[in-house]
Amino acid sequence: MEGFNEKEGQLYVDDLPIAEIADTYGTPAYIYSGSRIQKNFNKYADALREGDLICYAVKANSNIHILKRLAQLGSGFDVVSGNELKRCIEAGADPKRVVFSGVAKSSEELELAINEEILSINIESEDEFDRIISISETLNKETKCSIRINPDIPTGSHKYIETGLKTSKFGVDTETLKNISLKAKNREFIKITGLASHIGSQISDNSLIMKSLEHLLTAHKLLLNDGHDINFLDVGGGLGITYKDEIPGDPKSLISEISKEIESLNLHLILEPGRSITGAAGALIAKVEYMKLTDYKNFAIINAGMNDLMRPALYDSWHEVKEIRKSDSDGRLYEIVGPVCESADVLAKERELNISQGDLIAFMDTGAYGSVMSSNYNSRLSVPEIIVDGSSAKIIKKRQSFEESIALEKNL
Ligand SMILES: Cc1ncc(COP(=O)(O)O)c(C=O)c1O
């Protein structure tokens, strides 16, 4: 069986009961399904034309074992820091299949990217471009760049994951695009080879991405007029997943629509999906420590907190909560809270569950923006990650020890 599934009242990942994995590795723990990651990746890969590229958004889940698997499947990568680039290299990725987004790339990060000859530095401001020119001249190295445009398109998702509005810090407006294009003209060390945009995350409506494509095509004309040789359009990531009842767009139809639009233009396509590849392939497993039944609310107090899974506190996001061992009797409504001393440490509200002390529960669809957003707040230790293929489980990140967590502060 592939991915998360229920058999005889028990929750499994692939062919392994989650209770067994929790016995071996303890809780809290993130568990991933290798087959589900591969299937999600293939939904994109199978639809691409030759020369098009998926650059998996490393920020969604940057575990190097997951990056290694994706690199082996032929994925490129979208990174937003020098360290994400280093992770990709450690995972065996070809830097020539890496694009680098982000508004605040430091000189050191740009030097690394230029020296590694990555596929594209996605320029997010004119100041950044000036720095890229100066570093590539000093290093005497040709640098391939794309310009990330800001198409001012609202996506209707949470305001923290909107990135293509004119009020957001990402991408450049038309005036800046023109300035960069002119400045890049005939420069010895700079090649503008692409155009990029990423309008946000958890998008359900593919037509919004098609709208951003229109802006890319207009920008493409402008750059061609200035004599640039553009090889690809990068439409970013953003396809949503079903957390509750959302109906996300389908990679295949999106790619086919885009391909039709760019077919005659001799352009390749790049996509930067993150959430839609790893999101539904992961779950956070936690144990009920205490029950606290009050006149106002019933709390299930668990051993995972907002430091392990930040999305509910940060975005008010909803994750399905499943019992690891299901019983047929009726449950109670619970507010599921963690150990962190913050009132925001609520992982789920008003969930009907039949649970008691010591039981295990799973927060579903937490394979993206889950473990990567965790912190050591309240001196809590970062939790392990385990990947399952069929009936075998492999640990891909160890549970942090107290000694490891304090090492940077000791013996100074
Ligand atoms: C530039 C860029 N590309 C791709 C992504 C991935 O988005 P998603 O995980 O929604 O596919 C992000 C996420 O915010 C991003 O900032």
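What you see is a predicted model, and the numbers here were worked out from it, not measured in a lab.

### Remarks on the overall build of the protein
Broken down by element type, the protein carries 12 helices and 20 strands. In summary, the protein has a C-alpha radius of gyration of 23 Å against a globular reference of 22 Å for 412 residues, a match within 12%. Overall, the protein is about 70 × 55 × 40 Å in size when its C-alpha atoms are taken along their principal axes. Each of the 412 residues in the protein was classed as buried or not, and the buried ones make up 47%. Considering only contacts in the protein between residues 6 or more positions apart, those separated by 24 or more positions represent 69%.

### Re the site of the ligand
Not every one of the 18 residues close to the ligand is listed here, only the nearest: Ala 57, Ser 201, Gly 237, Gly 274 and Arg 275. A class-by-class count of the residues in the shell around the ligand yields 5 nonpolar, 9 polar and 4 charged.

### Some details on helix α1 (residues 18-25)
Among all positions in α1, only Ile 18, Ile 21 and Ala 22 are buried. Each buried residue of α1 lies within a common arc of 100° when the element is viewed along its axis, so the set occupies one face. Opposite the buried face of α1, by more than 90 degrees, sit the exposed residues Asp 23 and Thr 24.

### A closer look at helix α3 (residues 64-72)
Among all positions of α3, only Ile 66, Leu 67, Arg 69 and Leu 70 are buried. Each buried residue of α3 lies within a common arc of 160° when the element is viewed along its axis, so the set occupies one face. In this fold, the buried residues of α3 make contact with α2 (34-45), β5 (53-57), α4 (82-90) and α10 (275-278). Phi turns positive, to about 100°, at Gly 74, one or two residues after α3.

### Details of the domain arrangement of the protein
When its domains are assigned, the protein resolves into domain 1 (4-32 + 279-409) and domain 2 (102-271). For domain 1 versus domain 2, the distance between C-alpha centres works out to 36 Å. Taken together, the 8 residues of domain 1 in the interface contact 5 residues of domain 2. Looking at side-chain class alone, the side of domain 1 that touches domain 2 contains 4 nonpolar, 3 polar and 1 charged residues.

### Some remarks on the nonpolar core
Core analysis: the biggest nonpolar cluster contains 113 residues, and Ile 18, Ile 31, Val 98 and Ile 285 have the highest contact counts within it. The biggest single contributor to this core is helix α8 (residues 206-225), with 6 residues. Both domain 1 (4-32 + 279-409) and domain 2 (102-271) contribute no fewer than three residues apiece to this core. Not counting the four nearest positions on each side in its chain, Val 98 is found in contact with Gly 76, Phe 77, Val 79, Leu 85, Cys 88, Ala 93, Ile 118 and Leu 119.

### Brief notes about the sheet that holds strand β12 (residues 268-271)
Sheet architecture is closed into a barrel: 8 strands sit in the order β5-β6-β7-β8-β9-β10-β11-β12, paired in parallel fashion. Here the average twist between neighbouring strands, direction ignored, is 30°. Here 3 bridges tie strand β10 (residues 190-196) to strand β11 (residues 232-234), and the two strands are oriented parallel to one another. Residue pairing across strands places Ala 196 opposite Asp 234, the latter belonging to β11. Sheet contacts for α4: β6 (76-79) and β7 (98-100); angle to β6, the most-contacted strand, approximately 160°. In the packing of helix α7 (residues 174-184) onto the sheet, the strands contacted are β8 (120-123), β9 (143-148) and β10, and the crossing angle to β10 comes to about 155°.

### Quick notes on the sheet that holds strand β1 (residues 4-7)
Pairing in this open sheet of 3 strands is antiparallel, and the strands run β1-β2-β3 from one edge to the other. The open sheet has two edge strands, β1 and β3 (16-17), and neither has a second partner. Inspection of the sheet shows β1 paired to strand β2 (residues 10-13) by 4 bridges, in the antiparallel sense. Looking across to β2, one finds that Phe 4 is bridged to Val 13.

### So, the pairing of β5
Burial analysis of β5 places 5 of its 5 residues in the buried class, which makes it a mostly covered element. With 3 bridges connecting them, β5 and β6 associate as parallel partners. Following the sheet pairing, Cys 55 is matched in β6 by Gly 76. Each parallel crossover has a hand, and the one from β5 via α3 to β6 is right-handed.

### Examining the packing of α7 against α8
Contact pair α7 / α8: the axes reach a minimum separation of 10 Å and the direction vectors enclose 30°. In this view, α7 runs roughly parallel relative to α8, as classed from their interaxial angle. Along this stretch, α7 crosses α8, giving a crossing that reads as right-handed. Facing Leu 177, Lys 178 and Ser 181 of α7, the residues of α8 in contact are Ala 219, Leu 222 and Leu 223. Of the residues assigned to the contact of α7 with α8, the class counts are 4 nonpolar, 1 polar and 1 charged.

### With respect to the environment of Tyr 44
Looking at the element boundaries, Tyr 44 is found in helix α2. With near-sequence residues (within four places) excluded, Tyr 44 lies in contact with Ile 54, Pro 251, Leu 271 and Pro 273.

### Let's talk about the pairing of β2
Following β1, the chain reverses through 2 residues before pairing antiparallel with β2; Glu 8 in that reversal takes a positive phi of roughly 45°. Two elements, β2 and β3, share 2 bridges in a ladder whose sense is antiparallel. Counterpart to Tyr 12 in the pairing with β3 is Pro 17. Turn length for the β2-β3 hairpin, with the two strands adjacent in sequence and antiparallel, is 2 residues, and the turn residue Asp 14 shows positive phi of about 50°.

### Here we look at unusual backbone geometry
The omega torsion across Thr 27 and Pro 28 is -5°, close enough to zero to call that bond cis. Of note, Pro 28 is situated in the loop between α1 and β4 (29-33). Its identity as a non-glycine residue notwithstanding, Asp 316 has a phi of 60°, on the positive side. On the basis of neighbour count, Asp 316 is assigned to the exposed category, with 12 C-beta atoms found within 10 Å.

Cut-offs and rules
- Residues numbered from 1 in each chain as written.
- Predicted model: local features only at pLDDT ≥ 70, side-chain atom pairs only at ≥ 80, totals over all residues.
- Helix = DSSP H or I, 4+ residues; strand = E, 2+ residues; numbered from the N terminus.
- Rg over C-alpha atoms; globule rule 2.2 N^0.38 Å.
- Buried ≥ 20, exposed ≤ 12 C-beta atoms within 10 Å, placed from the backbone.
- Contact = placed C-beta atoms within 7 Å.
- Near = placed C-beta within 6 Å.
- Nonpolar A, V, L, I, M, F, W, Y, C, P; charged D, E, K, R; others polar.
- Arc of directions from axis to C-beta.
- Domains from an automatic or database assignment.
- Core = buried A, V, L, I, M, F, W, Y, C linked by C-beta atoms within 7 Å.
- Pairing = 2+ DSSP bridges.
- Axes fitted to C-alpha atoms, helices over the stretch in contact; angles between N-to-C directions.
- Right-handed = clockwise from strand over helix to strand, strands pointing away.
- Parallel < 35°, antiparallel > 145°, perpendicular 65-115°, else oblique.
- Left-handed = near helix turned anticlockwise from the far one by under 90°.

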